[in-house]
Amino acid sequence: DLILGGAAQIGIGTTAPDTSLTIVSSTSSKIRMENTGNGGTTITMDADRSAEDGGIGSIVFKWNGTTVAQVAGSAGADTGNKDDGKLNFSTTPSGGSLTERMRITDAGYVGIGSTAPSVLLDITKNSDTLGIVKIVEDGSSNNQNTLTVTNNSSHVYAGAASFSSNGQSRAL
């Protein structure tokens, strides 16, 4: 059923749409877009924002009505030109609330555990749980270089890794 509700609301599979477009199904709720010509399809989210960090659009994932994950785009710091933005990825831990886990800034910096990355990859640990990065060699190849850092295509450091704990460098 297609229902036209008040305040320009459309309902498919419901007689009580509560948003601009509400789709309800007990078996499968899907949206399909297809371009049969030689082009792609696009979903555009556009919001007139006047402040930094203002939300522009998001995809919210719910499990029985409870938000468990979200991908959101928001305005950047340039509120004059309105030509920068960031992308945030959030999840909800068991018994907790929606928490940002990763951010990609307008400069292309990626922050995992950091909402203000200042380098290409910024991984910040904010809890007492073990581990930050885990690299596993599955044994299917003879390549022993599981971690390689390069600078202008010349190897700077390859193979084993080292770490620092309480100001003391230690080799693995």
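Higher on the page you've got the structure.
This write-up is about the structure you can find in this document. Since this is a predicted model, take the numbers as computed values, not measurements. (Residues numbered from 1 in each chain as written. Predicted model: local features only at pLDDT ≥ 70, side-chain atom pairs only at ≥ 80, totals over all residues. Heavy atoms only, no water.)

With respect to the overall build of the chain
Thinking step 1. Counting its regular elements, the chain contains 0 helices and 13 strands.
Thinking step 2. Across the chain, helices and strands are ordered from the amino to the carboxyl terminus as β-β-β-β-β-β-β-β-β-β-β-β-β.
Thinking step 3. Out of the 172 residues in the chain, the part that is buried amounts to 13%.
Thinking step 4. Taking the intrachain contacts of the chain between residues at least 6 apart in sequence as the baseline, contacts between residues at least 24 apart amount to 6%.
Thinking step 5. Of the roughly 13300 Å² of accessible surface on the chain, a fraction of 50% belongs to carbon and sulfur atoms. (Helix = DSSP H or I, 4+ residues; strand = E, 2+ residues; numbered from the N terminus. Buried < 20%, exposed > 50% of the residue type's maximum accessible area, 1.4 Å probe, protein only. Contact = heavy atoms within 4.5 Å. Areas by Shrake-Rupley, 256 points an atom, 1.4 Å probe, with all protein chains shown as cover.)

A word on the environment of E100
Thinking step 1. When you line up the elements, E100 lands in strand 7 (residues 99–104).
Thinking step 2. A residue is classified by how much of its surface remains accessible, and E100, at 25% relative accessible area, is partly exposed.
Thinking step 3. Taking the C-alpha atoms as reference points, E100 and T115, 15 residues apart in sequence, are found 7.8 Å from one another.
Thinking step 4. Ignoring any residue separated from it by four or fewer positions in sequence, one finds E100 in contact with N88, F89, S90 and T115.

Quick look at the pairing of strand 7
Thinking step 1. As paired elements, strand 6 (residues 85–91) and strand 7 share 5 bridges and run antiparallel to each other. In the sheet register, L87 faces strand 7, and the bridge partner there is I104.
Thinking step 2. Bridge count between strand 7 and strand 8 (residues 110–112): 3 bridges; the pairing is antiparallel. Pairing of I104 across the sheet is with V110, part of strand 8.
Thinking step 3. Between strand 7 and strand 8, which pair antiparallel and follow one another directly, the connecting turn spans 5 residues, one of which, G108, has a positive phi of 85 degrees. (Pairing = 2+ DSSP bridges.)

Brief notes about the side chain of N88
Thinking step 1. With respect to the helices and strands, N88 occurs in strand 6.
Thinking step 2. Within polar-contact distance, the side chain of N88 engages the side chain of R103 at 3.1 Å.
Thinking step 3. The contact partners of N88, leaving out residues within four places of it in the chain, are Q70, V71, A72, S74, E100, M102 and R103. (Polar contact = N/O pair within 3.5 Å; in protein donor to acceptor, adjacent residues only side chain to side chain.)

Topic: the environment of S114
Thinking step 1. By the secondary structure assignment, S114 is in the loop between strand 8 and strand 9 (121–123).
Thinking step 2. By relative accessible area, which is 12% here, S114 ends up buried.
Thinking step 3. Sequence spacing of S114 and K125 is 11 residues, and the spatial spacing of their C-alpha atoms is 8.3 Å.
Thinking step 4. In this view, S114 contacts R103, D122 and T124; residues no more than four positions away in its chain are not counted.
Thinking step 5. Looking at S114, its side chain comes within polar contact range of the main-chain nitrogen of A116, at 3.3 Å.

Some thoughts on the pairing of strand 4 (residues 55–63)
Thinking step 1. In the sheet, strand 4 pairs with strand 5 (residues 66–75) via 8 bridges, with the strands oriented antiparallel. Bridging from a neighbouring strand, G57 pairs with G73 of strand 5.

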